[in-house]
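Observations on the three-dimensional arrangement
Take a look at the letters that make up each chain.
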Amino acid sequence: IVDRFGNTKRIDRLIVRKDEIWVVEYKTKADSALNYKEQISNYMSLAKELYPEKQVKGFAMFLEEARAEEVA
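Just so it is clear, the structure is predicted and the values come from calculations on it, not from any experiment.

Moving on: the sheet that holds strand E2 (residues 20-27). Taken together, the 4 strands give an open sheet; going across it, the order is E1-E2-E3-E4, and neighbouring strands pair in mixed fashion. For this open sheet the edge positions go to strand E1 (13-16) and strand E4 (67-71), each flanked by a neighbour on one side alone. Taking each pair of neighbouring strands and ignoring which way they run, the sheet shows an average axis angle of 25°. Where E2 meets strand E3 (residues 55-62), 8 bridges bridge the pair, whose relative direction is parallel.

In this section: the side chain of lysine 27. Considering the arrangement of structural elements, one finds lysine 27 in strand E2. Despite its burial, lysine 27 pairs with no opposite charge, the nearest such side chain being glutamate 25 at 4.0 Å. Polar contacts involving the side chain of lysine 27 include one to the side chain of glutamine 39, which spans 2.8 Å.

Turning our eyes to something else, we now look at the nonpolar core. Of all hydrophobic cores here, the largest spans 13 residues; its most connected members are Val23, Tyr36, Ile40 and Val56. When residues of this core are assigned to their parent elements, the largest contribution, 6 residues, is made by helix H1 (residues 36-50). Discounting chain neighbours no more than four positions away, the residues touching tyrosine 36 are Lys27, Ala60, Phe62, Glu69 and Val71.

Applying the stated rule across the entire model yields 6 salt bridges. Note that glutamate 20 and lysine 57 form a salt bridge whose closest N and O atoms lie 3.6 Å from each other. A residue pair is termed long-range when its members are at least 10 positions apart, and glutamate 20 in strand E2 and lysine 57 in strand E3 qualify at 37 residues. Taking the relative accessible area as the measure of exposure, lysine 57 reaches 23% and is therefore partly exposed. Close ionic contact of glutamate 69 with lysine 37 constitutes a salt bridge, the shortest N to O distance being 3.7 Å. One end of the pair, glutamate 69, is in strand E4; the other, lysine 37, is in helix H1, with 32 residues separating them in the sequence. In this structure glutamate 69 comes out as buried when scored by relative accessible area, which is 18%. The exposure class of lysine 37 is partly exposed, given its relative accessible area of 46%. When salt bridges with common partners are traced through the structure, they connect Lys37, Glu65, Arg67 and Glu69 into a single cluster.

Analysis parameters
- Residues numbered from 1 in each chain as written.
- Predicted model: local features only at pLDDT ≥ 70, side-chain atom pairs only at ≥ 80, totals over all residues.
- Heavy atoms only, no water.
- Pairing = 2+ DSSP bridges.
- Helix = DSSP H or I, 4+ residues; strand = E, 2+ residues; numbered from the N terminus.
- Axes fitted to C-alpha atoms, helices over the stretch in contact; angles between N-to-C directions.
- Buried < 20%, exposed > 50% of the residue type's maximum accessible area, 1.4 Å probe, protein only.
- Lys, Arg positive; Asp, Glu negative; His and termini not counted.
- Salt bridge = Lys/Arg side-chain N within 4 Å of Asp/Glu carboxyl O.
- Polar contact = N/O pair within 3.5 Å; in protein donor to acceptor, adjacent residues only side chain to side chain.
- Core = buried A, V, L, I, M, F, W, Y, C linked by side-chain atoms within 4.5 Å.
- Contact = heavy atoms within 4.5 Å.

In structure tokens form, the structure reads like this:
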């Protein structure tokens with residue numbers, strides 16, 4: 001996605017559902033993902049600009065731990 005300043009952002013997965021958008025970022029380890037909440041929040045803001053009529057949710061998927069965390 002290119003933001004309004006021309007910066008390119010790469011969302012790992014953007015899932016467009018009927019009433020909502022899911023922004024999903026994959027992380028190998030939780031300790032290596034220090035700023036993942038801020039990153040996902042920024043991606044969620046971009047998705048909201050693209051789909052203003054839909055609810056946007058963000059998720060971090062930690063692969064080594066086989067767990068997901070919703071980011072508000």
